[in-house]
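What follows is each chain in one-letter form.
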Amino acid sequence: MANDKSIVRHVPRGSLNPEDDYRKSGDDLAGRIKATLLPKEGCSFFDIGCGSGRVAGGMLRTLPPIRYVGFDIRLSDILNAKSAITSENSDIQFIHLDFYNERYNTNGRIKDLSQYSFPAPSKSFDHAIATSFFTHTNTNMTQRCLKELRRVLKPGGTAYLTFFVFGEEMIQSSESNRQYSLEFEPQVWAADPDHLLQAVAFEQQKLIEMLAAAALKSEKFIRGEWRGKEPDRFADFLCLDP
């Protein structure tokens, strides 16, 4: 099982025990993934934006034995995850993707994603997950990663992804729209004009078009609490089938 050396990140401010919060949030996400994707023992996952292993640790504690490969653009997170988890779990791997990102990887070597492929064979994974990844990507990176996600999924594979999705009612409402006020790409909104990829929301029609271009379809959509609904989850959640 994973040890407790994982670096604590993205925990609630003011928490009395950040490490417990980090572990609990990973367990909660892993529980939702288990309930949604119904993974079988020995199945395979790839995780886009795995961070330092928050969800991977939760999956080890919550799911039956699996094969897991996590990708992230922050090298420090990958090194921490390898130290904390892979050293004791050979079926859990972490890979650094050196994508440029103005917020999280300013020295990234890969700036043109149009021809980039994930370091994984086609049709090699049963499930894909991406939590708190597409909430920090622009159109180009989102489109490419969705297409690559589709490529590496086996026939009949499923994906659990989170986004911030603007519905028409949010676009028209100044109160709801206040946090995401800058449309920095067509139908793509940023919360912080100075750090565009700090938090990104896609208009619903834009996301539908990108999913269709990647030959993916949404089987389930649940609104998150950032809209003032569904208080048990923050971002909007999509379950996808190829």
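What you see is a predicted model, and the numbers here were worked out from it, not measured in a lab.

A few points about the side chain of Ser 124
With respect to the secondary-structure elements, Ser 124 resides in the loop between β3 (92–96) and β4 (125–130). On the accessibility criterion, Ser 124 (15% relative accessible area) is buried. At 2.6 Å, the side chain of Ser 124 forms a polar contact with the backbone oxygen of Pro 121. When residues no more than four places from it in sequence are discounted, the contact partners of Ser 124 are Ser 44, Arg 67, Val 152 and Lys 154.

Notes on the packing of aromatic side chains
Think of a pair of aromatic rings as described by two things: how far the centres are apart, and how the planes are tilted against each other in angle. By the definition in use, this model includes 12 aromatic pairs. Consider the rings of Phe 134 and Phe 163, whose centres lie 4.9 Å apart with planes at 5 degrees: the pair is stacked. Linking Phe 134 in the loop between β4 and α4 (139–152) with Phe 163 in strand β5 (residues 153–163), this pair joins segments that are 29 residues apart in sequence. By relative accessible area, which is 0% here, Phe 134 ends up buried.

Brief notes about unusual backbone geometry
Unusually for a residue other than glycine, Lys 123 sits at a positive phi of about 55 degrees. On the secondary structure map, Lys 123 appears in the loop between β3 and β4. The phi dihedral of Ala 215 falls on the positive side, at around 60 degrees, and the residue is not glycine. If you trace the backbone, Ala 215 turns up in the loop between α7 (204–213) and β10 (217–222). Residue classification places Ala 215 among the partly exposed residues on the basis of a relative accessible area of 43%.

Remarks on the pairing of strand β9 (residues 200–203)
Covered by surrounding structure in β9 are Val 200 and Phe 202 together with Ala 201 and Glu 203, the residues of both alternating faces. Alignment of strand β6 (residues 165–166) against β9, held across two bridges, turns out to be parallel. Pairing of Phe 166 across the sheet is with Glu 203, part of β9. Inspection of the sheet shows strand β8 (residues 188–190) paired to β9 by three bridges, in the antiparallel sense. Bridging from a neighbouring strand, Val 188 pairs with Phe 202 of β9.

Some words on the pattern of salt bridges
Overall, the coordinates contain seven salt bridges when judged by the stated rule. For Lys 154, the salt bridge is made with Asp 126, and the minimal N-O distance between the two is 3.4 Å. In this pair, Lys 154 sits in strand β5 while Asp 126 sits in strand β4, placing the two residues 28 residues apart along the sequence. Close ionic contact of Arg 151 with Glu 148 constitutes a salt bridge, the shortest N to O distance being 2.8 Å. Of this pair, Arg 151 and Glu 148 both sit in helix α4, three residues apart, which is roughly one turn of the helix. Taking the relative accessible area as the measure of exposure, Arg 151 reaches 22% and is therefore partly exposed. Via salt bridges that share partners, Arg 144, Glu 148 and Arg 151 belong to a single interconnected network.

Regarding the nonpolar core
Grouped together as the largest cluster of nonpolar side chains are 37 residues, with contacts concentrated most on Phe 46, Phe 99 and Leu 149. Those elements that provide at least two residues to this core are β1 (44–48), β2 (67–72), β4, α4, β5, β9 and α7. Of all hydrophobic cores here, the second largest spans 23 residues; its members include Leu 63, Tyr 68, Ala 81 and Phe 94.

Looking at the confidence of the model for the chain
Of the residues in the chain, 81% have a pLDDT of 70 or more, and the chain-wide mean is 83. With pLDDT under 50 throughout, residues 1–16 is counted as low confidence; its partners more than four residues away or in other chains account for 34 contacts. Note that residues 229–233 has pLDDT below 50 and, in this model, 14 contacts with residues that lie over four places away or in other chains.

Here is what the cut-offs are and how they apply
Residues numbered from 1 in each chain as written. Predicted model: local features only at pLDDT ≥ 70, side-chain atom pairs only at ≥ 80, totals over all residues. Heavy atoms only, no water. Helix = DSSP H or I, 4+ residues; strand = E, 2+ residues; numbered from the N terminus. Buried < 20%, exposed > 50% of the residue type's maximum accessible area, 1.4 Å probe, protein only. Polar contact = N/O pair within 3.5 Å; in protein donor to acceptor, adjacent residues only side chain to side chain. Contact = heavy atoms within 4.5 Å. Phe/Tyr/Trp six-rings, centres within 6.5 Å; stacked < 30°, edge-to-face > 60°. Pairing = 2+ DSSP bridges. Salt bridge = Lys/Arg side-chain N within 4 Å of Asp/Glu carboxyl O. Core = buried A, V, L, I, M, F, W, Y, C linked by side-chain atoms within 4.5 Å. pLDDT = per-residue confidence, 0-100.

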